[in-house]
Amino acid sequence: MTVKIKKCNRDDLQILQEISIETFNDTFKNQNSPENMKAYLERAFNSNQLEKELSNISSEFFFICFNKELAGYLKVNINDAQSEKMGDESLEIERIYIRYKFQRKGFGKYLINKAMEIALRQNKKIIWLGVWEKNKKAIDFYKKIGFVQTEAHSFYLGDEEQIDVIMSKTLV
Ligand SMILES: CC(C)(COP(=O)(O)OP(=O)(O)OC[C@H]1O[C@@H](n2cnc3c(N)ncnc32)[C@H](O)[C@@H]1OP(=O)(O)O)[C@@H](O)C(=O)NCCC(=O)NCCS
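Given the structure is predicted, the values throughout are model-derived calculations rather than measurements.

A. Quick look at the overall build of the chain. For the chain, the count of helices and strands is five helices and seven strands. Ordered by position from N to C terminus, the α and β elements of the chain give β-α-α-α-β-β-β-α-β-α-β-β. Taking 2.2 N^0.38 as the reference for a compact globule, 172 residues should give roughly 16 Å; the C-alpha atoms of the chain span a radius of gyration of 15 Å, in line with that estimate. Seen through its C-alpha atoms, the chain measures out along the principal axes to roughly 45 × 40 × 30 Å. Relative to its full complement of 172 residues, the chain shows a buried share of 45%. Long-range pairs, those at least 24 residues apart, make up 62% of the contacts in the chain with a sequence separation of at least 6. Carbon and sulfur atoms make up 49% of the accessible area of the chain, which totals about 10,000 Å². Taken together, the 27 basic and 25 acidic charged side chains of the chain have centroids lying 7 Å from each other.

B. Expanded view of the side chain of serine 168. Topologically, serine 168 is positioned in strand β7 (residues 160-170). The class for serine 168 is buried, based on a relative accessible area of 12%. Among the polar contacts made by the side chain of serine 168, one reaches the side chain of threonine 150 at a distance of 3.3 Å. Sequence-distant contacts of serine 168, defined by excluding residues within four places in its chain, comprise Ile126, Ile127, Trp128, Gly146, Phe147, Val148 and Thr150.

C. Looking closely at the nonpolar core. Counting 29 residues, the largest nonpolar core has Leu91, Ile93, Tyr142 and Phe147 as its most contacted members. Of all the elements in the fold, those that place two or more residues in this core are β2 (59-66), β3 (69-78), β4 (90-98), α4 (107-121), β5 (126-132), α5 (136-144) and β7. Considering each element in turn, this core owes the most residues, seven residues, to α4. The contact partners of tyrosine 142, leaving out residues within four places of it in the chain, are Ile96, Ile112, Leu129, Val131, Phe147 and Met167.

Procedures and definitions
- Residues numbered from 1 in each chain as written.
- Predicted model: local features only at pLDDT ≥ 70, side-chain atom pairs only at ≥ 80, totals over all residues.
- Heavy atoms only, no water.
- Helix = DSSP H or I, 4+ residues; strand = E, 2+ residues; numbered from the N terminus.
- Rg over C-alpha atoms; globule rule 2.2 N^0.38 Å.
- Buried < 20%, exposed > 50% of the residue type's maximum accessible area, 1.4 Å probe, protein only.
- Contact = heavy atoms within 4.5 Å.
- Areas by Shrake-Rupley, 256 points an atom, 1.4 Å probe, with all protein chains shown as cover.
- Lys, Arg positive; Asp, Glu negative; His and termini not counted.
- Charge placed at Lys NZ, Arg CZ, Asp CG, Glu CD.
- Polar contact = N/O pair within 3.5 Å; in protein donor to acceptor, adjacent residues only side chain to side chain.
- Core = buried A, V, L, I, M, F, W, Y, C linked by side-chain atoms within 4.5 Å.

Just distances and angles here, no functional claims.
Now the structure itself:
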């Protein structure tokens, strides 16, 4: 039984696109309209957009595999790739998604530890993320592993304005 983390490159585009759509759908489709979901999925996960993100030197994507099966993925950003102006001492976890059947088995925590390792290696002081206020499961997960709410900002899913809670953790 082995857990492996693999840094993604442009050859992983198609698999990244598939897992991004699958996990976003599974997480949010019950709480959002099909129109808004469709608009978001098309904008965020089209091939051109993902290719651009994979080529950005200030972003990194990782797959987490369990016994060679893809269990989830992580996207982290530094510097100007961060979705808020948090400065050069911060690292953003922009996406962390574990496929449904692999949830609650420690993979999310494993990816958070990976993000912290990257942040510490680059002498970052803070690790932060934005999470939809209605995503209670994720908020409970982040709280459990030591993140605290620091602020909130709005975000659009299709034409619906939603509130993202900003949570962060100071690194020592
Ligand atoms: C949120 C998510 C990343 C957590 O990953 P996970 O692999 O399911 O969580 P883990 O098994 O690593 O859990 C780590 C710890 O958090 C706790 N935890 C996880 N989910 C929890 C929940 N819903 N409520 C309370 N605690 C939770 C676990 O009990 C565990 O605690 P322990 O270390 O004391 O055993 C994952 O469930 C997921 O991908 N969800 C759907 C996508 C999503 O919402 N992503 C975040 C978008 S901002």
